[in-house]
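Structural overview
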Amino acid sequence: MNTTNTSGQLTRRDQSEQPGGTAKIPVGISECLLGSSVRYNGGHKHSRLCTQELGDIFDFKATCPELAAGLGVPREPVRLVDTSKGIRVRGSDDPSLDVTESLVNHGQDFIASHQQLCGFIFTQKSPSCGLYSVKVYHQNGNPLDKGRGAFAASITERAPHLPVEEAGRLNDPLLKETFVSAVFVYHDWLQTVSRTADKKSLIDFHSRHKFQLMAHCNKTYRALGKLIADLGHVDLADVKQQYLNQFMTAIKKPATRGRHCHVMEHIQGYLRNSLSPAERQSINRSIHDYRKGFVPLVVPMTMLTHYAGLHHGEGSYLRQQSYLAPYPLEMGLRNDI
């Protein structure tokens, strides 16, 4: 939930808030990213971004699927191979080594044993954990194509709504902000909507995240508004599934600068009767500067959250909006986009 501090600025308070929060948000991660020496050569792929920045808000659930598949450390490297039976994960030197089923089964088991998982961070280029552009080879050893690691594919197939990303791509500020936002929203869904059988929880969720959704895809925002407009005589479970399918597809795509500006102008409209001409002009200038790329998103957003917190009439509606505080402010993710 959101609360207002003494300066009138909105802050995010939920289970992951630090300090003073209780449980962090559970997120899966490839174990080598935490610095564990579990790679085929006895090394690791330690990501300081994950351990030092995201570790403050995420409760990492680590796994090395290749170890789970029975391979030791060190071990023969494996790779994706195109065969008559489809893409297989086979030994680079010993083609008789095939761990495809073991990796797929571990992905299914991992999801089954982590029902409240809210995201997953994978290791890039890995034949087990890579999400994007993993090399696929002919059986003769020549490069053929690009694919997805077997364990990563198993996770995404078993949990299609789960926000997922590769650690290396999280160095891109926009991709990092998009992933973290999606994790927080999905966490909210699991905590408030999926556990209930009442219509109000779905309506409240849509109301909380309507501006956030609008920033990612206005078309989906309008479609989902129509979907839940009349819940009188519908199969609620079916509607919730339709809603989640469309919502998570939209929210996992980066919001554009133009859509952010559209939403901020929309928010300003709720405050128009509370703002002086000088205040409106100042906000308009800030949004314009962001649109042109002169300032980061945090600049106009700081102004809007400030006025939303000060003016309790219109602001009382705005304060529930996740868009104003989608994750802990101290993360500073909007400072770089």
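Notes on the structure in this doc start here. (Residues numbered from 1 in each chain as written. Predicted model: local features only at pLDDT ≥ 70, side-chain atom pairs only at ≥ 80, totals over all residues. Heavy atoms only, no water.)

**Focus: helix 7 (residues 218–227)**
Looking only at helix 7, the buried set comprises Thr 220, Tyr 221 and Leu 224. Projected onto a plane normal to the axis of helix 7, the buried residues spread over an arc of 105° and lie on a single side. Away from the buried face of helix 7 by more than 90 degrees, exposed residues Lys 219 and Lys 226 are located. In this structure, the buried side of helix 7 is in contact with helix 6 (199–216) and helix 8 (236–251). (Buried < 20%, exposed > 50% of the residue type's maximum accessible area, 1.4 Å probe, protein only. Helix = DSSP H or I, 4+ residues; strand = E, 2+ residues; numbered from the N terminus. Arc of directions from axis to C-beta. Contact = heavy atoms within 4.5 Å.)

**Let's talk about the packing of helix 3 (residues 100–113) against helix 4 (residues 150–158)**
As a packed pair, helix 3 and helix 4 sit with axes 8 Å apart at the nearest point and diverge in direction by 40°. One way to sum up the angle between helix 3 and helix 4 is to call them oblique. Classified by chirality, the crossing of helix 4 by helix 3 is right-handed. Residues Leu 103, Val 104, His 106, Gly 107, Gln 108, Phe 110, Ile 111 and Ala 112 of helix 3 lie in contact with helix 4, whose contacting residues are Ala 150, Phe 151, Ser 154, Ile 155 and Arg 158. (Axes fitted to C-alpha atoms, helices over the stretch in contact; angles between N-to-C directions. Parallel < 35°, antiparallel > 145°, perpendicular 65-115°, else oblique. Left-handed = near helix turned anticlockwise from the far one by under 90°.)

**Observations concerning the sheet that holds strand 5 (residues 78–83)**
Across the sheet, which stays open at both edges, the four strands sit in the order 6-5-8-9 with mixed pairing between neighbours. At either end of the open sheet lies a strand with only one pairing partner, and these are strand 6 (86–91) and strand 9 (143–147). Adjacent strand axes in the sheet meet at a mean angle of 40° when their direction is disregarded. In terms of strand pairing, strand 5 meets strand 8 (residues 134–137) through two bridges, oriented parallel. Its bridge partner being in strand 8, Leu 80 is matched across the sheet by Val 136. (Pairing = 2+ DSSP bridges.)

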